[in-house]
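A closer look at the structure
For reference, the chains in residue letters:
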Amino acid sequence: MLLLLLAAATAPTPADPTITLRSGKGMAVRLIPQGAIVTAIEVPDRTGRVANVVLGYPRAADYRTKIRKNGFGATIGRYAGRIAGARFAIDGRTVSLVANDGANALHGGGPFGFDTADWRVSRRSGGDRATFTLVSPDGFQNFPGRLTVTVRYRLAADNALHIDYTARTTRPTALNITNHSYFNLAGEGSGSVFGQWLQLKAAQAIVTDAGGIPTGALAPVADTPMDFRCPRRIGERIASPVLKGRGYNHAWLFDKPVGTLAPVARLIDPASGRTLTIETTEPSVQVYTGGYIDGSDAGPSGHVYQPGDGVALEMQHVSDSPHHPQFPTTILRPGQTYRQTTIWRFGTDGTESPSCR
């Protein structure tokens, strides 16, 4: 018995799967193969103090059991957002998904997605980049086509994290990929983001029904709680009845051509001076202030997360696009290559009242 106890005490622990990318300016990004997940982003403030600015769990193993609760840092697929009735048609053939949001399919439907899968780390060199590859079998989440997906992370010297996605399919399918990180530029565990400023280059918001399904219409944001064309505090109009009591979980259509890489969003924390500017080729953003966080999970700091402790800025195509041909298409066919680039540029700003630019 003593030998068994000694053997157990000296047995090696499982290797930490975390991959760390570093810039030369004090920034670090931590990733794990499950879900090609971003578990931490550490950046300096205006005084040089470094903090982790994304929500997450204390250990890599926690993502295995909890990722489907909030999706912290995960690569989402096959279809980010909702698909009405958990079904859509391609070339006249109905594709029936697994409903997991009432009658609808959320983030592809069913209990498993890109976020629960183990991605292969196919390249890791130089300490500033990592590439993850996933082969999603034909029929995964009931979507047609064997899909090969690659996510490449590259941390540039100027503290910009470049995320490049590519995918190819063997059969016509629908695809909509995003990253589901929740940002808090004051630091993970610091409390609410409602005092931070958000700007979106978007004059139109996506109109949705009570279930969060787009109706196909667009609405001007002027004189509404959806107007972030100039920087506004996230919490300034969070209590508006238009938002139905759970904060922002809404989408906007950017003022730019589809597929063009351009700056579309800016997040500013006036206290620390940290800023995040996002560039993307995607046509839309889903802004989610964590209204469904249930107050039962602590992050690496030990702080138990509450609704509003982070904001997800999900660069993607529009939810339910297969039912709305007026929206940019999400149909991918054999011989085509899905491509997306999103860049998170971190910096600092000395002002506490951001200007409109």
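Read on for a plain summary of the structure. (Residues numbered from 1 in each chain as written. Predicted model: local features only at pLDDT ≥ 70, side-chain atom pairs only at ≥ 80, totals over all residues. Heavy atoms only, no water.)

**Brief notes about helix α2 (residues 60–70)**
In an α-helix, one full turn covers 3.6 residues, which means residues spaced three or four apart are oriented alike. Rule in force here: The buried label goes to any residue with under 20% of its type's maximum accessible area, the exposed label to any with over 50%, and the partly exposed label to all in between, with areas taken from a 1.4 Å probe on protein chains only. Each helix is a run of H or I in the DSSP string that is no shorter than four residues. Each strand is a run of E no shorter than two, and both are numbered from the N terminus. In this description, one arc is meant: the one made by directions from the helix axis to the C-beta atoms. Residues are treated as being in contact if the distance between any of their heavy atoms lies within 4.5 Å.
When we look at burial in α2, the residues that qualify are Asp62, Tyr63, Ile67 and Asn70. Down the axis of α2, the buried side of the element spans an arc of 120 degrees, and every buried residue falls inside it. Opposite the buried face of α2, at more than 90 degrees from it, the exposed residues are Ala61 and Thr65. For α2, the elements touching its buried residues are β2 (28–32), β3 (37–44) and β16 (182–183).

**Regarding the pattern of salt bridges**
This is how the line gets drawn: Each reported salt bridge corresponds to a side-chain nitrogen of Lys or Arg within 4 Å of a carboxyl oxygen of Asp or Glu.
Summed over all chains, the structure comprises 15 salt bridges. A salt bridge links Lys69 to Asp294, with the nearest nitrogen and oxygen atoms 3.2 Å apart. Residue Lys69 is located in helix α2, and its partner Asp294 is located in the loop between β24 (284–288) and β25 (311–316); the two are separated by 225 residues in the primary sequence. Looking at Lys69, the relative accessible area reads 40%, which means it is partly exposed. For Arg345, the salt bridge is made with Glu279, and the minimal N-O distance between the two is 2.5 Å. Of this pair, Arg345 sits in strand β27 (residues 338–348) while Glu279 sits in strand β23 (residues 274–280); the two residues are 66 residues apart in sequence, bridging distant segments of the chain. The class for Glu279 is buried, based on a relative accessible area of 13%. Within the structure, one salt-bridge network assembled from shared partners comprises Lys66, Lys69, Asp294 and Asp297.

**Points about the pairing of β2**
Convention followed: Pairs of strands are assigned from DSSP output, requiring at least two bridges between the strands.
For β2, a buried count of four out of five residues is recorded, marking the element as mostly surrounded by other parts of the structure. Bridge count for strand β1 (residues 19–22) against β2 is four bridges, and the pairing is antiparallel. By the bridge assignment for β2, Arg22 is matched with Ala28. The turn joining β1 and β2, which pair antiparallel and follow one another in sequence, is formed by five residues; a positive phi near 85 degrees is taken by Gly26. Taken together, the five bridges between β2 and β3 define a ladder with antiparallel strand orientation. Across the sheet, residue Val29 finds its bridge partner in β3, namely Ile41.

**Points about the state of the cysteines**
To keep it simple, the criterion reads: Any cysteine sulfur atom paired with another within 2.5 Å is treated as part of a disulfide.
In total, this model carries one disulfide according to the counting rule given. At a sulfur-sulfur separation of 2.1 Å, the disulfide partner of Cys230 is Cys356. A torsion of -80 degrees about the S-S bond marks the disulfide between Cys230 and Cys356 as left-handed. In this pair, Cys230 sits in the loop between β19 (214–220) and β20 (232–233) while Cys356 sits in the segment after β27, placing the two residues 126 residues apart along the sequence.

**Topic: the pairing of strand β22 (residues 262–268)**
Along β22, six of the seven residues are buried, which leaves the element largely enclosed by surrounding structure. Inspection of the sheet shows strand β17 (residues 197–200) paired to β22 by four bridges, in the antiparallel sense. Bridging from a neighbouring strand, Leu198 pairs with Leu267 of β22. As paired strands, β22 and β23 are joined by six bridges and run antiparallel to one another. By the bridge assignment, Pro263 is partnered in β23 with Glu279. Two successive antiparallel strands, β22 and β23, enclose a turn made up of five residues, where Gly273 displays a positive phi of approximately 85 degrees.

**Brief notes about the side chain of Thr133**
Position of Thr133 relative to the elements: it lies in strand β11 (residues 129–136). For Thr133, the residues in contact, after removing those within four places along its chain, are Trp119, Arg120, Ser122, Thr148, Val149 and Thr150.

**Quick notes on the nonpolar core**
In plain terms, the rule: For the purposes of this section, nonpolar cores are sets of buried Ala, Val, Leu, Ile, Met, Phe, Trp, Tyr and Cys residues that join through side-chain atoms within 4.5 Å.
In this structure, Ile41, Tyr153, Trp252 and Phe346 are the most contacted members of the largest nonpolar core, which totals 58 residues. Per-element accounting of this core gives the leading share, five residues, to strand β12 (residues 147–155). Counting 15 residues, the second-largest nonpolar core is a separate cluster that includes Ile67, Phe72, Ile76 and Tyr288.

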